[in-house]
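# Architecture and fold: a report
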Amino acid sequence: GESVGLHLPTLSVQEGDNSIINCAYSNSASDYFIWYKQESGKGPQFIIDIRSNMDKRQGQRVTVLLNKTVKHLSLQIAATQPGDSAVYFCADRSGGSYIPTFGRGTSLIVHP
Amino acid sequence: NAGVTQTPKFRILKIGQSMTLQCAQDMNHNYMYWYRQDPGMGLKLIYYSVGAGITDKGEVPNGYNVSRSTTEDFPLRLELAAPSQTSVYFCASSWTSGNTGELFFGEGSRLTVL
């Protein structure tokens, strides 16, 4: 079964607000996590990743936070733009495997 | 670089027909994957390959077959199409060295079985 799942299927925000997309995982052996963005009609695209020896990683307008104590991962998008509207997936890997497991995804809707 | 190229983009099959979804990558990646994505769901792994000549089952392999005769190509074969195989299929590839485990995805192949 899935080791990774998301708390909410849909998140609606206003343009310019910050967005937070959450992800819970159950596999204690998970040591690598990735966020992907999937725009309508396209394949998923890599956004940012984090290893289990870190608790925070920042990219351009995005930050990923990892809380291993409660097995929780979040993706924060600063100053959300209409172009950020998409489905966001978290994925994890464990134990030296290169095969990621994907959650169901959260649909982010950005209102102008 | 074209990245990961999938063909066809759309296909309608009748029950019992067979077809092959083509996937090619030009990044010299060793790992390749086939996922299916049903509406409102995540990605389910069908098959994967760690290199030419080596393939392994994923989570949902029944009804599918794959081959990996070259590093570049990883076709997915449906032998007897069933309505349950109506889905969007994504091929992906990755490189297993370096600092990231990023998968590079194709644009998808939308299959309808009637």
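Attention here is on the structure that accompanies the text. This is a predicted model, so every value here is computed, not measured.

Before going further, it helps to spend a moment on the overall build of chain B. For chain B, the helix and strand inventory stands at zero helices and 11 strands. For chain B, the C-alpha radius of gyration of 13 Å lies close to 13 Å, the compact-globule estimate for 114 residues. Dimensions of chain B, computed from the C-alpha atoms along their principal axes, are close to 45 × 30 × 25 Å. Across the 114 residues of chain B, 47% fall into the buried class. Relative to all contacts within chain B whose residues are 6 or more apart in sequence, the contacts with residues 24 or more apart total 54%. Approximately 5400 Å² of chain B is accessible, and the part contributed by carbon and sulfur atoms is 52%. Of the charged side chains in chain B, 9 are positive and 9 negative, and the gap between their average positions amounts to 10 Å.

With that settled, consider the interface of chain B and chain A. Facing 21 residues of chain B, the contacting portion of chain A comprises 20 residues. Together chain B and chain A conceal approximately 1700 Å² of surface at their shared face, both sides included; 57% is due to carbon and sulfur atoms. Viewed at the interface, chain A and chain B are joined by zero salt bridges. Applying the counting criterion to the chain B and chain A interface returns three residue pairs in polar contact (both at pLDDT 80 or more). For the side of chain B that touches chain A, the elements supplying multiple residues, two or more each, are strand E4 (31-37) and strand E5 (43-51) of chain B. Tallied by class, residues from the side of chain B that touches chain A come to 10 nonpolar, eight polar and three charged.

Right, let's get into the pattern of salt bridges. For the coordinates displayed, the defined rule picks out seven salt bridges over all chains. Taking the shortest distance from any N to any O, the salt bridge between B:Asp38 and B:Arg36 comes out at 2.9 Å. The partner of B:Glu79 in a salt bridge is B:Arg77, with the nearest N and O atoms 3.2 Å apart. For B:Glu79, a relative accessible area of 36% gives the class partly exposed. Given the relative accessible area of 31%, B:Arg77 is considered partly exposed. Several salt bridges converge on common partners, so that one network encompasses A:Lys37, A:Glu39 and A:Lys42.

Rules of the game
- Just so you know, the residues in each chain are numbered from 1, in the order the chain's sequence is written.
- By the order in which they are written, chains take letters starting at A while ligands take numbers starting at 1.
- Reporting of local features is limited, given that this is a predicted model, to residues whose pLDDT is at least 70; pairs of side-chain atoms are given and counted only at 80 or more, and all residues count toward the totals for whole chains, interfaces and linings.
- Only hydrogens and water are set aside when side-chain values are computed; all heavy atoms of the structure are taken into account.
- Numbering of helices and strands runs from the N terminus, with a helix taken as a DSSP run of H or I at least four residues long and a strand as a DSSP run of E at least two residues long.
- For the radius of gyration, the atom set is restricted to C-alpha positions; the globular benchmark scales as 2.2 Å times the number of residues to the power 0.38.
- Relative accessible area decides the class of each residue, using a 1.4 Å probe on protein chains only: under 20% of the type maximum gives buried, over 50% gives exposed, and in between gives partly exposed.
- The contact rule is simple, with two residues in contact once any of their heavy atoms fall within 4.5 Å.
- Using the Shrake-Rupley algorithm and a 1.4 Å probe, accessible areas are obtained, with residue cover drawn only from the displayed protein chains.
- His residues and chain termini do not enter the charge count, which takes Lys and Arg as positive and Asp and Glu as negative.
- Charge positions come from single atoms, namely NZ of Lys, CZ of Arg, CG of Asp or CD of Glu.
- Note on definitions: buried area is the accessible-area loss of two parts on being combined, 1.4 Å probe, summed for both.
- Within this document, salt bridges are pairs made up of a side-chain nitrogen of Lys or Arg and a carboxyl oxygen of Asp or Glu, the two lying within 4 Å of each other.
- Identification of polar contacts relies on pairs of N or O atoms within 3.5 Å, with a donor-acceptor requirement for protein atoms, meaning one able to donate a hydrogen and the other able to accept it, and with residues adjacent in sequence counted only if both atoms are side-chain atoms.
- Gly falls in the polar group here, along with every residue not listed as nonpolar (Ala, Val, Leu, Ile, Met, Phe, Trp, Tyr, Cys, Pro) or charged (Asp, Glu, Lys, Arg).

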